[in-house]
Amino acid sequence: DSGVTQTPKHLITATGQRVTLRCSPRSGDLSVYWYQQSLDQGLQFLIQYYNGEERAKGNILERFSAQQFPDLHSELNLSSLELGDSALYFCASSVGSVNQPQHFGDGTRLSIL
Amino acid sequence: GQQVMQIPQYQHVQEGEDFTTYCNSSTTLSNIQWYKQRPGGHPVFLIQLVKSGEVKKQKRLTFQFGEAKKNSSLHITATQTTDVGTYFCAGPGVTGGGNKLTFGTGTQLKVEL
């Protein structure tokens, strides 16, 4: 158990819809990272938050947004969903910077029909 | 932008054989991290190397960081079925992408009895 909690585990929705993925970081971790992993693909970095503030952005689409709340949990919002958005979305947390090990949640599998 | 490549992409071995995956970054890395993702699972942190030429061992696993801090390798001696999974290296860039952890393309290991 990594200590990182992601909900929901599975999400099935239709094109054009909007969904919210939730992540609770490991106790004591201030940084939260979001990654997208498509079938047989590597981990694509989307965005990082540190103690409530956006710290780094990767290849995140404009249709996607995220935030980190005062209690340090984070949400990833995906809107105007397309078939290509079907993927496994991982949240990870670390104590601070990217120079420290990241602990991953079990992921949310998003399926767009 | 920074790219981190791994070879081979796939490796199929008989149990007891050795296995090596190589990681190459287009930029100098301040440190390199290795993660393992079991089929259907999430990435799990294995180890971090920081110093040029550093070598670390974990039981049958040997990790090495190149002298130029642009490449790394993971060697598994006498593979077992429990070694099955995808191995990712990851590293932040020293400049530019310094606040992003870029994951390598991964090497998928399959072990046959």
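Parameters and conventions
Residues numbered from 1 in each chain as written. Chains lettered and ligands numbered in written order. Predicted model: local features only at pLDDT ≥ 70, side-chain atom pairs only at ≥ 80, totals over all residues. Heavy atoms only, no water. Pairing = 2+ DSSP bridges. Helix = DSSP H or I, 4+ residues; strand = E, 2+ residues; numbered from the N terminus. Axes fitted to C-alpha atoms, helices over the stretch in contact; angles between N-to-C directions. Disulfide = S-S within 2.5 Å. Buried < 20%, exposed > 50% of the residue type's maximum accessible area, 1.4 Å probe, protein only.

Next up on the list: the sheet that holds strand β6 (residues 55-58) of chain B. All names here are of chain B. With antiparallel pairing, the five strands of this open sheet are ordered in space as β1-β3-β8-β7-β6. At either end of the open sheet lies a strand with only one pairing partner, and these are β1 (4-7) and β6. This sheet shows a mean twist of 15° between the axes of neighbouring strands, independent of strand direction. In the sheet, β6 pairs with strand β7 (residues 61-65) via four bridges, with the strands oriented antiparallel. Paired with Gln-58 across the two strands is Leu-61, which belongs to β7.

On to the state of the cysteines, then. Tallied over the full model, the rule gives two disulfides over all chains. Across a sulfur-sulfur distance of 1.8 Å, A:Cys23 and A:Cys91 are joined as a disulfide pair. Torsion about the S-S bond of the A:Cys23 and A:Cys91 cystine: about -50°, corresponding to left-handed handedness. Of the two residues, A:Cys23 sits in strand β3 (residues 19-24) while A:Cys91 sits in strand β9 (residues 87-94), which places them 68 residues apart along the sequence. Each member of the pair, A:Cys23 as well as A:Cys91, is classed as buried. Shown here is the disulfide that connects B:Cys23 with B:Cys89, its sulfur atoms set 2.0 Å apart. Between B:Cys23 and B:Cys89, the disulfide has an S-S torsion of 80° and is therefore right-handed. A residue pair is termed long-range when its members are at least 10 positions apart, and B:Cys23 in strand β3 (residues 19-25) and B:Cys89 in strand β9 (residues 85-92) qualify at 66 residues. The pair formed by B:Cys23 and B:Cys89 is uniform in burial state, with each residue classed as buried.

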